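So the chains spell out like this:
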Amino acid sequence: MLTILFDGIAYGMLLFVLAAGLAVTLGLMNFVNLAHGAFAMAGGYVTVLTVNRMGVPFLASLPIAFLASAALGFIFERTLYVHVYGKSHLDQVLFTIGLVFMSVAAVDYVMGSSQVFVQVPGPLQGKFDLFGIGIGRYRLLIIIICGLLTIALQCILAYTRFGSRLRAAVDDSRVARGLGINVNRIFALTFAFGSGLAGLGGALGAEILGLDPGFPLKFMIYFLIVVTVGGTSSITGPFLASLLLGIGDVAGKYYVPTLGSFVIYTIMIVILIWRPQGLFARAASR
Amino acid sequence: MLSKCMTGVIATFAFGALAAGNVLAQDTVKIGLIISMTGQQASTGKQIKAAVDLYMKENGDTVAGKKVQVILRDSGSVPDNTKQLAQELIVNEKVNVIAGFEITPAALVVAPLATEAKVVELVMAAGTSIITEKSPYIVRTSFTVPQSCVIVADWASKNNIKKVVTIVSDYAPGFDAEKSFSERFKAAGGEITEAIRVPLANPDFAPFLQRAADTKPDAIFIFVPSGQGGTFMKQFAERGLDKAGIKLIGPGDVTDDDLLPGMGDAAVGTVTAHFYSADHNSPKNRAYVAAFQKANNFRPAFMSVGGYDGMHLIYEALKKTGGKADGDSLIAAMKGMKWESPRGPISIDPETRDIVQNIYIRKVEKKDGQLYNVEFATFEAVKDPVKAASKK
Amino acid sequence: MILPRSTILTATECLSTRARWNPLEFAFWVFAFAAIYLMPGHHLILTEIAWLGLFALSLDLILGYAGIASLGHAAFFGFGAYTAALLAKHQIINEPVLAMLAAGIAAMILGFVTSFLVLRGSDLTRLMVTLGVALVLRELANRYGWLTGGADGLQGVTIQPIFGTFRFDMFGHTGYTYCLTVLFILFLVARRLVNSPFGLSLLSVKGNPLRASAIGISVDARLVAIYTVAAGYAGIAGALLAQTTAFASLEVFSFDRSADLLLVLIIGGAGYLYGGLIGAIIFKFMQDYLSALTPQYWPFWIGLVLVTIVLVGRDRISSWTAPIRRLSTLMNWRTFGSRRAVSSIQRTSQ
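These figures come from a predicted structure and were not determined experimentally.

Calculation criteria
Residues numbered from 1 in each chain as written. Chains lettered and ligands numbered in written order. Predicted model: local features only at pLDDT ≥ 70, side-chain atom pairs only at ≥ 80, totals over all residues. Helix = DSSP H or I, 4+ residues; strand = E, 2+ residues; numbered from the N terminus. Rg over C-alpha atoms; globule rule 2.2 N^0.38 Å. Contact = placed C-beta atoms within 7 Å. Nonpolar A, V, L, I, M, F, W, Y, C, P; charged D, E, K, R; others polar. Axes fitted to C-alpha atoms, helices over the stretch in contact; angles between N-to-C directions. Parallel < 35°, antiparallel > 145°, perpendicular 65-115°, else oblique. Left-handed = near helix turned anticlockwise from the far one by under 90°. pLDDT = per-residue confidence, 0-100. Pairing = 2+ DSSP bridges. Domains from an automatic or database assignment. Buried ≥ 20, exposed ≤ 12 C-beta atoms within 10 Å, placed from the backbone.

**Q** When you look at the overall build of chain B in this model, what are you seeing that I'm missing?
**A** Along the backbone of chain B there are twelve helices and 15 strands. A compact globule built from 392 residues should have a C-alpha radius of gyration of about 21 Å, and chain B, at 22 Å, falls within 12% of that. In terms of overall dimensions, chain B has C-alpha extents of about 65 × 60 × 45 Å along its principal axes. Counted over contacts in chain B with a minimum sequence separation of 6, partners at least 24 positions apart contribute 70%.

Next up, the structure:
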């Protein structure tokens, strides 16, 4: 059913935009940031506030969400995360879980616990038919935006100086430092950018996934699955993993509704047993 | 390293000493209110709390010479917690009434406690039929899901709807809804083309809606818990199903007043059957809505009247028993009580201790720029059909 | 430089001095059992502390002694809980003690089967895989609702009186005594385990698996063994929960439970067995206090505690209690009168 394929691709690309930041953070600094979903939630709420309360057009609110989350990420990174870099994975996990709890409760306090909706403009609602496939307008927008972002990310990584420095730092940060690359600054910028991407994903996803204070906890699992399955040493790995998961999830729910999300977890475990570094990663040097 | 034991032991004793200073006041009627302030059903908890606060503000906290004290606890939408909290409230705080219960398992799991401790269990939100049968101390002021569903089935079969796909959430009220609707609808000659069940947590309705649409029904019957109606509506519109001529029917949970304002034009035209709409045209309701909105920034929804009427029931029962607050006297006083609620006239069935109320058919329309469920037909004094049928 | 013979300890002496009971330990257990009679009004919360402490103890076995970080330990907890609840509901095993043991064995089998997943891969892989296992179990429980009650939880469970005489009352008296006894017995077993040569070899595996395997310790076998035992302990803790509340729902598998458990263990400190118990006491009282104070926003404060603990540093927190630690070793010396014992304790308790 091609409509299902289309839906799955849209869902997968949304997952990718949400999880890309996490993949880079994990690959670059070996830092497990379970609070990644909190930045996505922040972006979603910024969009809701700007569109619903301030009347900003939806498409204009997307860059605002991106910048807001990026700024938030930058501030948090410089003030809180720096202290936790050297610690063990377990400490990092605990730290970020604590941050998630705090952010969930804080947003609950400020925005209330019920789900919020974005007033999506008329032209983006509904669907049209193309060769017998039902193309949802909003989902088409997601695919376009996320597709462009992926290409942009790949270009930045492959063709810019910043990208090559980033790739060097991911491969071996010690040697990179030795060559004079300011790894800390790269990391701060990458973290901010990744959080911004998450915020953008949250803003786009509010319509499809539903936005409420529990968002980080509900979707953290999916981001982690994308990152673990896709590996962390490239962009294409998580990209293909998100597509796989998105299509698998949507198709699974359509064809075998009783199994539902069971499928995702099983895929993850099977893949992790078979290839502990992830499906598409090169053998890690660490 | 082992020094930490000392700290732990001291901590234990400190807390024990603090907690031991519990003074029991005989002139207080204590109500343990266990609702979700966090977790999946947090929106329900918020509504109930607001309604309870409003009632106590309007009617004071003294009834029949006794002071009424509400002790609030958060169940986090987890039934385990509800049971543990209820146990603590009964044993340590010696409450006379346990109220709340936003989900069915919470109400079911506390039932044996209510029976053993002879404490009134007042269900203000949960909607499965069998709840009131689990203990002679259970009384309900909310609703039962089948009450609304059979009315929907009646309306649908009379209004040219022949083929229906049912979509319900995968938990007890969902099964109740699916069963009561299907049986009534099929008995009237209708056809259920498919019965789809959606996972309760994190639902993405898109694939299920697609599957439903592919069977080309006249209408989709939908039941989801009150927090999820908005997402469903959005995805319904996104699939273009409203434009494809597929009607949306169901009990009023999907057009919950709490979420309705944010749903957008996609919801207009949805026909539901339920016991309360913020738009209900009675002086009592208008006063209620005005006071509620003034105290909070949101509209009262159907979950709130369960709380409001629950408090009313307790107050009136206390007046009737002259202040006696033990379980048996209160239950005896509560049975058969009738009064005018913001939703319309209601009463407590003396045989089942369940609620008997009007069910209205309403349609979503825009009034003064906001969406409301506008009532256009009334079915009076509807008892819970499942229990009524099992008695025949 | 050659040390005089009198200061060199044999391996046996080393182990036996490590395993000696400290007076503070005696005091702890005396108070715990005394609470049965002295604090009858608090038996409900004490019961929760008891099984939570056992659960944390099981995590300590793998985290503190073997270095396996697990985000899904609730898998075994939940498996034990459902086993015990189902055995009671369908009246397959009516005696609660036997049902609890059966649940523990079932959880051990599950632990053994899944232990192979945590052998390979890095810390992160282990975290993900254990999380995945717990979530899969949750989905399975959800899917097979006809067996487990699905999202509503398992209804209609009635627990028979222990040994036919001690009924589970709503005040928690029987519950607390039962849970505390089980906890104590299992604690003794665990204590024996970690103070044995096997336990010491686990510590070496935790420290440096490569080096441990180089000197002939079979790392995989030990990890599988301790993981299985810890799973059994967690399963028994779950069974205790199911039996004292006569209920089991999907929440026993949830991520929140695993995350809270990590917090409990971290508060108390991992690696010396009492950390889980003390952490459980502090966590439960803290949670009780906070959720009564702010029914809606208490997770915020729990998160804050977590963040603070990590930022301050777990080592620094344990160094604040150094004076009391010195006191405890001095007490040990005075009680058992061996200077050699004291110096060996000081050496091995770094």
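That covers the picture; the talk isn't over yet.
**Q** What should I look at first to understand the overall build of chain A in this one?
**A** Counting its regular elements, chain A contains eleven helices and two strands. Secondary structure elements in chain A, listed N-terminal to C-terminal, are α-α-α-α-β-β-α-α-α-α-α-α-α. For 286 residues, the compact-globule estimate of 2.2 N^0.38 gives 19 Å, and the C-alpha radius of gyration of chain A, at 19 Å, lies within 12% of that figure. Along the first, second and third principal axes, the C-alpha atoms of chain A reach 55 × 45 × 35 Å. Sequence-distant contacts in chain A: of pairs separated by 6 or more residues, those separated by 24 or more amount to 77%.

**Q** Before we go on, may I ask you to explain the environment of C:Ala81 in this structure?
**A** All names here are of chain C. By the element assignment, alanine 81 lies in helix α4 (residues 74-89). Sequence separation between alanine 81 and leucine 140 is 59 residues, and the spatial gap between their C-alpha atoms is 15 Å. Not counting residues up to four positions away in its chain, the partners in contact with alanine 81 are Gly238, Ala239, Leu241, Ala242, Ala248 and Val252.

**Q** Got a minute to help me understand the interface of chain A and chain B in this structure?
**A** Often, the extent of an interface is quoted as the loss of accessible area on bringing the components together. With 23 residues of chain A at the contact, the number on the chain B side is 26 residues. Taken together, the residues of the side of chain A that touches chain B break down into seven nonpolar, eleven polar and five charged.

**Q** Please explain the packing of helix α3 (residues 43-63) of chain C against helix α13 (residues 274-293) of chain C as it appears in this structure.
**A** When two helices pack together, their arrangement is given by the angle between the helix axes and by the axis-to-axis distance. Residue and element names in this part refer to chain C. Packing of α3 against α13 brings their axes to within 8 Å, and their N-to-C directions diverge by 135 degrees. Of the possible angle classes, the one that applies to α3 and α13 is oblique. You can see that α3 and α13 cross each other, and the crossing is right-handed. Contacts between α3 and α13 pair Ile45, Glu48, Ile49, Leu52, Gly53, Ala56, Leu57, Leu59 and Asp60 from the former with Gly275, Gly276, Leu277, Gly279, Ala280, Ile281, Lys284 and Asp288 from the latter. Among the residues forming the contact of α3 with α13, the class breakdown is nine nonpolar, four polar and four charged.

**Q** In this structure, what is going on with the confidence of the model for chain A? I would like to understand it.
**A** Parts of the prediction with low pLDDT should not have their coordinates interpreted in detail. Residue and element names in this part refer to chain A. In the predicted model, chain A carries a mean pLDDT of 82, and the fraction of residues at 70 or more is 93%. Within chain A, strand β1 (residues 127-130) has the poorest average pLDDT of any element, 73, and helix α3 (residues 58-79) the best, 91. Confidence over residues 282-286 falls short of pLDDT 50; this stretch has four contacts with residues more than four positions distant or in other chains.

**Q** What exactly am I supposed to notice about the pairing of strand β14 (residues 355-367) of chain B here?
**A** Regular strands place side chains that alternate from one sheet face to the opposite one. Residue and element names in this part refer to chain B. Bridge count between strand β11 (residues 271-274) and β14: four bridges; the pairing is antiparallel. Residue pairing in the sheet places threonine 272 in a bridge with arginine 362 of β14. The pairing of strand β13 (residues 344-348) with β14 spans three bridges and is antiparallel. Within the sheet, the bridge partner assigned to isoleucine 346 lies in β14 and is glutamine 357. Of the pairings in the sheet, the one linking β14 to strand β15 (residues 370-382) comprises ten bridges and is antiparallel in character. Residue pairing in the sheet places isoleucine 361 in a bridge with alanine 377 of β15. Here β14 folds back onto β15 in antiparallel fashion, the turn holding two residues, of which aspartate 368 has a positive phi close to 50 degrees.

**Q** What should I look at first to understand the confidence of the model for chain B in this one?
**A** Residue and element names in this part refer to chain B. In the predicted model, chain B carries a mean pLDDT of 84, and 92% of its residues have values of at least 70. pLDDT under 50 marks residues 11-25. Its contacts with residues more than four places away, or in other chains, come to ten contacts. Scored as a whole, the predicted complex attains pTM 0.82, and scored at its interfaces, ipTM 0.80.

**Q** Hey, could you run me through the sheet that holds strand β2 (residues 62-63) of chain B in this one?
**A** For sheets, the rule is that strands pair by backbone hydrogen bonds, running either parallel or antiparallel. Residues and elements named next belong to chain B. Spatially, β2-β3-β1-β4-β5-β6 is the arrangement adopted by the six strands of the open sheet, whose pairing is mixed. This sheet does not close on itself; its edge strands, each paired only once, are β2 and β6 (138-140). In terms of strand pairing, strand β1 (residues 28-35) meets strand β3 (residues 66-74) through eight bridges, oriented parallel. Note on β3: the bridge partner recorded for glycine 32 is isoleucine 71.

**Q** When you look at the domain arrangement of chain B in this model, what are you seeing that I'm missing?
**A** Residue and element names in this part refer to chain B. Segmenting chain B into domains produces domain 1 (26-143 + 284-353) and domain 2 (146-274 + 358-391). Relative to domain 2, the C-alpha centre of domain 1 lies at a distance of 27 Å. Taken together, the 20 residues of domain 1 in the interface contact 19 residues of domain 2. Of all the secondary structure elements, the ones that give two or more residues to the side of domain 1 that touches domain 2 are α2 (42-59), α10 (302-321) and β13. With three residues, the single largest contributor to the side of domain 1 that touches domain 2 is α2.

**Q** Got a minute to help me understand unusual backbone geometry in this structure?
**A** Generally, phi is negative for residues other than glycine and the peptide bonds are trans, each holding for most cases. At B:Asn160, a residue that is not glycine, the phi angle is positive and equals roughly 70 degrees. Notably, C:Phe163 is not glycine yet its phi reads approximately 55 degrees, a positive angle. Along the chain, C:Phe163 turns up in the loop between α7 (145-148) and α8 (173-194).

**Q** Sorry, what's going on with the packing of α2(B) against α10(B) here?
**A** All names here are of chain B. Running from N to C, α2 and α10 cross one another at 40 degrees; their axes reach a closest spacing of 7 Å. One element, α2, and the other, α10, form an angle in the oblique class. Two packed elements cross with a definite hand, and for α2 against α10 that hand is right-handed. The segment α2 lies against α10, with Thr44, Gln47, Ile48, Ala50, Ala51, Val52, Leu54, Tyr55, Met56 and Asn59 engaging Met303, Ser304, Val305, Gly306, Gly307, Tyr308, Met311, His312 and Tyr315. Within the contact of α2 with α10, the residues separate by chemical class into twelve nonpolar, seven polar and no charged.

**Q** Please explain the environment of C:Phe33 as it appears in this structure.
**A** All names here are of chain C. Here phenylalanine 33 lies in helix α2 (residues 23-38). A residue is classified by how many C-beta atoms lie within 10 Å of it, and phenylalanine 33, with 14 of them, is partly exposed. Along the chain, phenylalanine 33 and threonine 181 lie 148 residues apart, while their C-alpha atoms are 8.6 Å from each other.

**Q** So what exactly am I meant to see when it comes to the environment of A:Asn30 here?
**A** Residues and elements named next belong to chain A. Summarising the element assignment, asparagine 30 is placed in the loop between α1 (2-29) and α2 (36-53). Judged by local crowding, asparagine 30 falls into the partly exposed class, with 18 C-beta atoms found within 10 Å. Between the C-alpha atoms of asparagine 30 and glycine 86, which are 56 residues apart in sequence, the distance is 9.9 Å.

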